[in-house]
Amino acid sequence: GLSPYMFLPWSARRAPLGSWGDQRTLQGFFKHLLRQEYGTFRLYSGADAEYTSLLSLLQLYLTNLAENTLLLGLPLLLLGVFLVIRDRRRDG
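Residues numbered from 1 in each chain as written. Predicted model: local features only at pLDDT ≥ 70, side-chain atom pairs only at ≥ 80, totals over all residues. Heavy atoms only, no water.

J.: Got a sec to walk through the overall build of the chain? Specific residues and values, please.
T.: Scanning the chain for helices and strands turns up 4 helices and 0 strands. Counting helices and strands in the order they occur from the N terminus, the chain gives α-α-α-α. Buried residues in the chain amount to 16% of all 92 residues. For the chain, the exposed area adds up to about 7,800 Å²; of that, 62% sits on carbon and sulfur atoms. (Helix = DSSP H or I, 4+ residues; strand = E, 2+ residues; numbered from the N terminus. Buried < 20%, exposed > 50% of the residue type's maximum accessible area, 1.4 Å probe, protein only. Areas by Shrake-Rupley, 256 points an atom, 1.4 Å probe, with all protein chains shown as cover.)

J.: Pulling in residues and values, what's your account of unusual backbone geometry?
T.: Of note, the phi angle at L70 is positive, near 55°, even though the residue is not glycine. As for its placement among the helices and strands, L70 is situated in the loop between α3 (54-68) and α4 (73-91). On the basis of relative accessibility, which here comes to 71%, the residue L70 falls in the exposed class. Its identity is not glycine, yet L71 carries a phi of approximately 65°, on the positive side.

J.: Describe a nonpolar patch on the surface, and please don't skip the residues or the numbers.
T.: Residues L55, L58, Y61, L62, L74, L77, L78, V81 and I85 make up a contiguous nonpolar surface patch of roughly 830 Å² in combined accessible area. Counting only elements with at least two residues in the nonpolar patch, the list comes to α3 and α4. Residue placement: L58 occurs in helix α3. Given a relative accessible area of 46%, L58 falls into the partly exposed group. (Patch = residues over 30% accessible without salt bridge, like charges linked within 9 Å, V, L, I, M, F, W, Y side chains within 5 Å. Salt bridge = Lys/Arg side-chain N within 4 Å of Asp/Glu carboxyl O.)

J.: Provide a residue-level description of helix α1 (residues 3-13), including the pertinent values.
T.: Among the residues of α1, those classed as buried are L8, S11 and A12. Down the axis of α1, the buried set is contained in an arc of 95°. They therefore lie on one face. What points out from α1, more than 90 degrees from its buried face, is the exposed set M6 and R13. Against the buried residues of α1 lie α2 (26-33). (Arc of directions from axis to C-beta. Contact = heavy atoms within 4.5 Å.)

See below:
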């Protein structure tokens, strides 16, 4: 239930790139818990200017996807997109 919230302060100390908000402080933790930073159509909350362009964020996402899925994520993503397009063409 609430165990992911116990993980937040620990992971925030590592300052992962692209992390949403700052849960290292009690104020930041409650800001996250109460969802005060969501719903703003912001794709990235960090202050790193070099990572704010859409192309840089996409590159970061794909790099993390490859690292976290042992290079299987991207091929599976592309296969899924292909199958959806194929099925829609066949049905419609």
